[in-house]
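# Commentary on secondary and tertiary structure
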Amino acid sequence: MKIWVPLDSAAIALGADEVAAAIAAQAAERGVEIELIRNGSRGMVWLEPLVEIDRGAGREAFGPIAPRDVPALLDGTLPGLGPVESIPFFARQTRLTFARCGLIEPLSLQDYAAHGGLAGLRRALTMAAPEIVDEVTRSGLRGRGGAGFPTGIKWNTVLNAPGEQKYIVCNADEGDSGTFADRMIMEGDPFSLIEGMVIAGIGVGATRGYVYIRSEYPVAIDVMERAIAIARHQGVLGSDVLGSGRAFDIEVRVGAGAYVCGEETSLLNSLEGKRGVVRAKPPLPALEGFLGRPTVVNNVISLATVPVIFEKGAQHYAEFGLGRSRGTVTLQIAGNVRRGGLFETAFGLTLGEIVDDIAGGTASGRPVKAVQVGGPLGAYMPREKFDTPMGYEEFDGQGGLIGHAGLVVFDDSADMLQLARFAMTFCAIESCGKCTPCRIGAVRGVETIDRIAAGDPDAIPLLTDLCDTMRDGSLCALGGFTPYPVMSALTHFPGDFAPRRKAAA
Amino acid sequence: MQSAQAFASESPSPTEEDIRTIVAAHVDREGPLLPILHGLQHAFGHIPQSALPLIAGMLNISRAEVHGVVSFYHDFRDAPAGRHVLKLCGAEACQSMGADAIGAEILRALGLDRHGTTPDGAVTVEPVYCLGLCACGPAAMLDGRPVGRLDAERMTTLLREVRA
Ligand SMILES: Cc1cc2nc3c(=O)[nH]c(=O)nc-3n(C[C@H](O)[C@H](O)[C@H](O)COP(=O)(O)O)c2cc1C
Ligand code: SF4
């Protein structure tokens, strides 16, 4: 009997380690032979810890499981959910990037290869560098870290940049609230990121890679480090990648709790051992990045998607999607939702379909008031905008942004003025300090919102002006995009900013 | 801070040799400073003041530069934390699930009026912005272990653990 219990942080946070221990103890007590596998999460967080059992007729899912459920689970008397693939939330997805996550044993390179892993790299090794870059360009892949910049164009700049030593830097800082796709793939399918980085390295002529992982992710750090050691030991990394004579190696670096270090130039400074201050562009990191050398900086999901593009072909990937948003988007459905988790699908679903239908509304059972899409710098979308389809241009057209594709749902108890205040406070705390509109403006923003809360209507135009100044006068999106959550809250939920608070307090 | 110092006196202060060994282990890496600081904090629970001039000397940078880096990042402490560290997520996804109220309750139960260390040095409560547990909030991390769907029951268990 094979039993899978996820090692994913969210599963652990909900008791997976205790469940795994109970299963091992109970099985030993009964003298039953079991093979206990710690897999990644299947992404249905409301069902975690989600345990799968194969008694010989295929994997069946059970969840959420508590240690007290384990005897019935082993007796076979606990009602199950059927195969994971039959659960509607899962069945409706198109899993390309996350195809293996939760299915395989994360640290088994054999299991990885048996499920399509390394096929992309083997193919890339037969291609010339410009062909590799061209394949990525033709796939239509755009950066999943937030800005949506075409990955192939970035790689091409690095390929053509002069330089002896080039780098692939993976941005695993995943600071946005409501996002966890990077963490999930690193914990559940680390070799896909490694393979993507190797292909990037071969494609642009880089031999060294760094994965910059935030310190808040101890499980991901541990899994990635072990996966890199295994990949090195088995010849996927090192001086002779899969016997090709090409060299590529990777090292994990750990962040130190600064949100702004997710911004690529700040990240490079941090990697160099400096304060995580944002650099002015130009020069582009592609030309003068880590230690002043040509560097690809890509998000985890961007890089982890590269293997499937090479395995199945650029055309296959590009066939999914909407408009200029090609391929799949790895939605992270979070906050006050009935069914939260990772949902990978072609671009194009509307916000309403995702929130009402797939997520099933709020966990509290109250009406949805707003959805913040794209992290702390993303707009609060009201129900009136629920027909916006998931696509970079489509969201932009509605005054929003997709960012890293995290959705945080709020019910009608949310206080939009407080959330706007939080956005300003966050910007003030996390500002790298380089530009005045961000560093000082955010502090003024908090004060101005407090004046509005105290019933001063004159402060509302002040807040609007301040947001304009921040938007126009900031070097990076921390100061430049904080106006998104603030202004969307003010515009769509004016009632929360009306002078009613004195009476309420 | 006081309580932190009381705790600091329990562990012997690091010697110059201890510090040099850790710095030396990373000095040849590309961009060695963050790995060095993580190494020191891992070993001593904080970045000892006495380490700054040693790092500066070994990396051939100014002491002010080292200080600038240490102070930039939220993770690095100038004094040791309590015996347990409880990080409470305050990001939007956790707020949507009532994190603020539960956080306040935890602080009250520990006799703290804001984030910090309890007088007995048992626990340091810190805010954190996002643990990537956004579909199972409110979330926390106790001594590096993730905790999700924080409610009264889980909170009681957590508090029992940190007081033990
Ligand atoms: C304040 C700020 C924070 C950011 N945080 C992240 C992050 O955590 N992860 C990420 O991949 N990109 C983040 N970005 C975007 C990066 O600057 C950069 O666009 C990205 O790493 C490029 O990779 P991609 O093209 O694969 O998306 C952030 C940007 C800003 C302005
Ligand atoms: S906008 Fe803020 S975070 Fe970005 S560079 Fe300017 S000061 Fe730094």
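Only a predicted model underlies this, so the values are computations on that prediction, with no experimental measurement involved. (Residues numbered from 1 in each chain as written. Chains lettered and ligands numbered in written order. Predicted model: local features only at pLDDT ≥ 70, side-chain atom pairs only at ≥ 80, totals over all residues. Heavy atoms only, no water.)

### What about the overall build of chain B?
Secondary structure summary: chain B contains 8 helices and 5 strands in total. When the helices and strands of chain B are placed in sequence order, the string is α-α-α-α-α-β-α-α-β-β-β-β-α. Taking the principal axes of the C-alpha coordinates as reference, chain B spans close to 50 × 35 × 20 Å. When each of the 164 residues of chain B is scored for burial, the buried share is 55%. Considering only residue pairs separated by 6 or more positions, chain B has 62% of its internal contacts joining residues 24 or more positions apart. Entry remark: accessible area of chain B is about 7,700 Å², with carbon and sulfur atoms responsible for 52%. Each charge class in chain B was averaged separately, 13 positive and 19 negative side chains, and the resulting centres sit 5 Å apart. (Helix = DSSP H or I, 4+ residues; strand = E, 2+ residues; numbered from the N terminus. Buried < 20%, exposed > 50% of the residue type's maximum accessible area, 1.4 Å probe, protein only. Contact = heavy atoms within 4.5 Å. Areas by Shrake-Rupley, 256 points an atom, 1.4 Å probe, with all protein chains shown as cover. Lys, Arg positive; Asp, Glu negative; His and termini not counted. Charge placed at Lys NZ, Arg CZ, Asp CG, Glu CD.)

### Some details on the overall build of chain A
The number of helices and strands found in chain A is 22 helices and 15 strands. Referenced to the eigenvectors of the C-alpha coordinate spread, the extents of chain A come out at roughly 70 × 60 × 40 Å. Taken across its 505 residues, chain A has 61% of its residues classed as buried. If you take every contact in chain A between residues at least 6 apart in sequence, the share linking residues at least 24 apart comes to 69%. Counting every atom, chain A has about 17,300 Å² of accessible surface; 53% of that belongs to carbon and sulfur.

### Here we look at the sheet that holds strand E1 (residues 2-4) of chain A
All names here are of chain A. The strand order across the open sheet built from 4 strands is E2-E1-E3-E4, with neighbouring strands paired in mixed fashion. Only two strands of the sheet have a single partner each, and these edge strands are strand E2 (35-37) and strand E4 (59-62). For this sheet, the mean angle separating the axes of adjacent strands, direction not counted, is 20°. Alignment of strand E3 (residues 51-54) against E4, held across 4 bridges, turns out to be antiparallel. Pairing of isoleucine 53 across the sheet is with glutamate 60, part of E4. Lying over the sheet, helix H2 (residues 16-30) contacts E1, E2 and E3, oriented at roughly 175° with respect to E2. (Pairing = 2+ DSSP bridges. Axes fitted to C-alpha atoms, helices over the stretch in contact; angles between N-to-C directions.)

### Observations concerning the domain arrangement of chain B
Segmenting chain B into domains produces domain 1 (4-72) and domain 2 (84-163). Using only C-alpha atoms to locate each centre, domain 1 of chain B and domain 2 of chain B end up separated by 29 Å. (Domains from an automatic or database assignment.)

### Considering the site of ligand 1
All names here are of chain A. What surrounds ligand 1 is a group of 19 residues, the closest being Gly145, Asn171, Asn298, Asn299 and Ser302. Summarising the interface, the protein chains cover 91% of the accessible area of ligand 1, which totals 610 Å² for the free molecule. Among the secondary structure elements, those contributing two or more residues to the shell around ligand 1 are strand E8 (295-299) and helix H20 (477-481). Looking at the shell around ligand 1 residue by residue, the class counts come to 4 nonpolar, 9 polar and 6 charged. (Near = heavy atom within 4 Å. Nonpolar A, V, L, I, M, F, W, Y, C, P; charged D, E, K, R; others polar.)

### Notes on the pattern of salt bridges
Counting across every chain of the model gives 37 salt bridges over all chains. For Lys274(A), the salt bridge identified is with Glu272(A), shortest N-O distance 2.7 Å. According to the relative accessible area criterion, Lys274(A) is partly exposed, its value standing at 39%. For Glu272(A), a relative accessible area of 13% translates into the label buried. One salt bridge in this structure joins Glu16(B) and Arg20(B), with 3.0 Å as the shortest N-O distance. With Glu16(B) and Arg20(B) both in helix H2 (residues 16-26) and 4 residues apart, this pair spans about one turn of that helix. (Salt bridge = Lys/Arg side-chain N within 4 Å of Asp/Glu carboxyl O.)

### Observations concerning the interface of chain B and chain A
Chain B puts 38 residues into the contact, and the matching count from chain A is 65 residues. Inspection of the chain B/chain A interface yields 3 salt bridges. Residues Arg29(B) and Glu251(A) are paired through a salt bridge, measuring 2.6 Å at the closest nitrogen-oxygen approach. Where chain B packs against chain A, one counts 27 residue pairs in polar contact (both at pLDDT 80 or more). Elements with a contribution of two residues or more to the side of chain B that touches chain A: helix H3 (33-44), helix H5 (63-72), helix H6 (92-95) and strand E5 (145-147) of chain B. Each residue belonging to the side of chain B that touches chain A can be placed in one class, and the counts come to 21 nonpolar, 11 polar and 6 charged. (Polar contact = N/O pair within 3.5 Å; in protein donor to acceptor, adjacent residues only side chain to side chain.)

### Some thoughts on the site of ligand 2
Taken together, 13 residues lie near ligand 2, and Cys432(A), Lys434(A), Cys435(A), Cys438(A) and Cys476(A) sit nearest. Among the residues forming the shell around ligand 2, the class breakdown is 8 nonpolar, 4 polar and 1 charged.

### Some details on the domain arrangement of chain A
Residue and element names in this part refer to chain A. When its domains are assigned, chain A resolves into domain 1 (2-91), domain 2 (109-318), domain 3 (321-411) and domain 4 (416-497). Between domain 3 and domain 4, the C-alpha centre-to-centre distance is 23 Å. Facing 15 residues of domain 3, the contacting portion of domain 4 comprises 14 residues. Considering only the side of domain 3, the residues that lose the most area to domain 4 are Lys369, Leu377 and Tyr380, jointly responsible for 51% of the buried surface there. Linking domain 3 with domain 4 are 1 salt bridge, by the criterion used here. Between lysine 369 and aspartate 496 there is a salt bridge, with the nearest N and O atoms lying 2.8 Å from each other. One can count 2 residue pairs in polar contact (both at pLDDT 80 or more) joining domain 3 with domain 4. Listed by contribution, the elements that provide at least two residues to the side of domain 3 that touches domain 4 are strand E13 (368-373) and strand E14 (380-382). Top element by residues in the side of domain 3 that touches domain 4 is E13. It accounts for 3 residues. Its residues assigned to classes, the side of domain 3 that touches domain 4 comprises 8 nonpolar, 4 polar and 3 charged. (Buried area = accessible area lost by both parts, 1.4 Å probe.)

### So, helix H13 (residues 300-312) of chain A
Along an α-helix, residues three or four apart share an orientation, since each turn contains 3.6 residues. All names here are of chain A. Among the 13 residues of H13, 11 are classified as buried, and the element is accordingly described as predominantly covered. Turning to H13, its buried residues are Val300, Ile301, Ser302, Leu303, Ala304, Thr305, Val306, Pro307, Val308, Ile309 and Phe310. For H13, the N-terminal cap is asparagine 299; the gap from its side-chain oxygen to the backbone nitrogen of isoleucine 301 is 2.8 Å. Where H13 terminates, the next one or two residues include glycine 313, which has phi positive at roughly 100°.

### Observations concerning the side chain of Lys369(A)
As for its placement among the helices and strands, Lys369(A) is situated in strand E13. Polar contacts involving the side chain of Lys369(A) include one to the main-chain carbonyl oxygen of Ala414(A), which spans 2.8 Å.

### Considering the packing of aromatic side chains
Residues and elements named next belong to chain A. This model, assessed by the stated rule, comprises 16 aromatic pairs over all chains. Taking 4.9 Å as the distance between ring centres and 85° as the angle between the ring planes, the aromatic pair formed by tyrosine 167 and phenylalanine 290 counts as edge-to-face. You can see tyrosine 167 sitting in strand E5 (residues 167-172) and its partner phenylalanine 290 sitting in the loop between helix H12 (264-271) and E8, a full 123 residues away along the chain. No difference in accessibility class separates tyrosine 167 from phenylalanine 290, as the two residues are buried. (Phe/Tyr/Trp six-rings, centres within 6.5 Å; stacked < 30°, edge-to-face > 60°.)

### Examining the sheet that holds strand E3 (residues 123-128) of chain B
All names here are of chain B. Strand order in this open sheet of 5 strands is E2-E3-E1-E4-E5, and the pairing throughout is mixed. In this open sheet, the two edge strands, each paired with only one partner strand, are strand E2 (116-117) and E5. Across 3 bridges, strand E4 (residues 140-142) lies against E5 in antiparallel orientation. For leucine 142, the partnering residue across the bridge sits in E5 and is arginine 145.

### Points about helix H7 (residues 129-139) of chain A
Residue and element names in this part refer to chain A. Every buried residue belonging to H7 is among Ile132, Val133, Glu135, Val136 and Ser139, and all of these are buried. Seen from one end, H7 has its buried residues packed into an arc of 150°, which puts them on one side. Backbone geometry just downstream of H7 places glycine 140 in the positive-phi region, at approximately 80°. (Arc of directions from axis to C-beta.)

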